[in-house]
Amino acid sequence: MWFKNLRLYRLLQPLNLTVDELHERLQQRVFRHCGSHDPSSLGWSSPLGRLSERLAHEVSGSIMICARQEDKLLPPAVVTEALEEKVQELEANEGRKLPRRERNDLRDEIIHQLLPRAFARSFNTFAMIDKQNGWILLDAVSAKKAEGVISLLRETLGSLPVRPFEVNLAPAAVFTEWLA
């Protein structure tokens with residue numbers, strides 16, 4: 001498997017877990033689909049696909065894991081439109097302008113009503129733990145998603161001292177200088 005968006009983290013202490021011990025710990029936070037009123041769900045799934053139940057797969061001293069996230073899609077325009085209709089109806093019935101606090105409460109109520117009917121989108125974030133060299137490699141589009149997976153791994157293992165990989169010169173600056 002090739003990582004398209006590589007994020008590197010340096011392990012500050014060796015990870016002294018076998019693949020079976022890691023699998024057992026990952027079982028505690030296995031992925032479950034969003035409930036009807038849950039906006040998102042995050043957990044561990046098999047890096048080998050749906051046919052495998054193993055949550056950790058080891059090859060040549062490196063362990064592959066996979067975090068799966070599911071988010072409910074509720075466009076803000078739909079919420080705003082439903083809110084405006086409800087506000088107009090209440091203002092006409094009560095003959096007064098609704099204060100901001102009541103509008104916010106209505107917005108929360110509308111989101112709560114629409115969430116069970118929202119579409120769900122899911123995606124996987126793969127990670128490789130290189131125990132021999134002390135690295136965690138993540139295939140994450142953004143730093144926020146990478147940090148979400150690292151946080152989930154911390155919660156699962158109890159502690160995970162890592163530091164993001166940093167360079168002295170930004171690659172974009174070096175490439176620009178080369179071209180200039």
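The residue count restarts for each chain, going from 1 along the sequence in the order it is written. This being a predicted model, a pLDDT of at least 70 is required before a residue's local features are given, and a value of 80 or more before pairs of side-chain atoms are given or counted; all residues contribute to the totals for chains, interfaces and linings. Hydrogens and water molecules were not included; the side-chain quantities draw on all heavy atoms of the structure.

> I tried to follow the overall build of the protein chain on my own but got confused; where do I start?
Comment: elements are numbered from the N terminus, with helices defined as DSSP H or I runs of at least four residues and strands as E runs of at least two. The number of helices and strands found in the protein chain is five helices and seven strands. Secondary structure of the protein chain in N-to-C order comes out as β-α-β-β-β-α-α-β-β-α-β-α. Atoms counted for the radius of gyration: C-alpha only. Globule rule: 2.2 Å times residue count to the power 0.38. Over its C-alpha atoms the protein chain spans a radius of gyration of 22 Å, topping by over 25% the 16 Å that the globule rule assigns to 180 residues. Principal-axis analysis of the C-alpha atoms places the extent of the protein chain at approximately 70 × 50 × 30 Å. Every one of the 180 residues in the protein chain was classed for burial, and the buried ones make up 34%. Relative accessible area decides the class of each residue, using a 1.4 Å probe on protein chains only: under 20% of the type maximum gives buried, over 50% gives exposed, and in between gives partly exposed.

> Mind showing me how you'd approach the packing of aromatic side chains here?
A ring pair, where both rings are aromatic, is described by two values, the distance of the centres and the angle of the planes. Centre distance within 6.5 Å is the pairing criterion for rings of Phe, Tyr and Trp, where only the six-membered ring of Trp is used; planes under 30 degrees apart are then read as stacked, over 60 as edge-to-face, and the remainder as tilted. Throughout the structure, instances matching the rule amount to two aromatic pairs. Taken together, a centroid distance of 5.6 Å and an interplanar angle of 70° make the contact between Trp135 and Phe165 edge-to-face. Of this pair, Trp135 sits in strand β6 (residues 135–139) while Phe165 sits in the loop between β7 (162–164) and α5 (171–179), placing them 30 residues apart in sequence. A residue is classified by how much of its surface remains accessible, and Trp135, at 18% relative accessible area, is buried. For a ring to carry a charge above it, either NZ of a lysine or CZ of an arginine must fall within 6 Å of the ring centroid while also lying within 35 degrees of the normal to the ring plane. Over the ring of Trp135 we find Arg10, and its NZ or CZ is 3.9 Å from the ring centre. For Lys145, the ring lying beneath its charged end belongs to Phe123, and the centroid distance is 3.8 Å.

> Explanation requested: the nonpolar core in the structure shown.
Grouped together as the largest cluster of nonpolar side chains are 26 residues, with contacts concentrated most on Leu22, Trp44, Ile65, Ile129, Ile136 and Leu153. Secondary-structure elements contributing two or more residues to this core are β1 (6–11), α1 (19–27), β4 (62–73), β5 (119–130), β6 and α4 (143–157). The element best represented in this core is α4, accounting for six residues. Setting aside residues no more than four positions away along its own chain, Ile65 makes contact with Leu22, Leu26, Trp44, Pro47, Leu55, Ala56, Thr125, Phe126, Ala127, Ile129 and Leu153. Buried Ala, Val, Leu, Ile, Met, Phe, Trp, Tyr and Cys residues form a nonpolar core when they are joined through side-chain atoms within 4.5 Å. Of all hydrophobic cores here, the second largest spans seven residues; its members include Val87, Leu106, Ile110 and Leu114. Throughout, a contact is declared for two residues whenever any of their heavy atoms are within 4.5 Å.

> Got a minute to help me understand the side chain of Asp71 in this structure?
By the secondary structure assignment, Asp71 is in strand β4. Residues counted as positive are Lys and Arg, residues counted as negative are Asp and Glu, and His and the chain ends are not counted. Note on definitions: salt bridges are taken to be side-chain nitrogens of Lys or Arg within 4 Å of carboxyl oxygens of Asp or Glu. Buried and unpaired, Asp71 has Arg121 as its nearest opposite-charge partner, separated by 4.2 Å. At a separation of 3.1 Å, a polar atom in the side chain of Asp71 contacts the side chain of Gln69. When sequence neighbours within four positions are dropped, the list of residues in contact with Asp71 reads Pro39, Ser40, Phe119, Ala120, Arg121 and Phe123. Between N or O atoms, a polar contact is any pair within 3.5 Å; within protein, one atom must be a potential hydrogen donor and the other a potential acceptor, and residues adjacent in sequence are included only when both atoms are from side chains.

> Just checking my understanding: could you explain the confidence of the model for the protein chain for this structure?
Detailed reading of predicted coordinates is not advised where the pLDDT is low. The share of residues in the protein chain with pLDDT of 70 or more is 99%, and the mean pLDDT across the chain is 91. For the protein chain, α5 is the element with the lowest average pLDDT, namely 88, and β6 is the one with the highest, namely 95. Here pLDDT means the predictor's own confidence in every residue, given as a number from 0 to 100.

> When you look at the environment of Lys86 in this model, what are you seeing that I'm missing?
Counting through the fold element by element, Lys86 comes out in helix α2 (residues 76–94). Separated by 19 residues in the primary sequence, Lys86 and Ala67 place their C-alpha atoms 39 Å from one another. In this view, Lys86 contacts Leu106 and Ile110; residues no more than four positions away in its chain are not counted.

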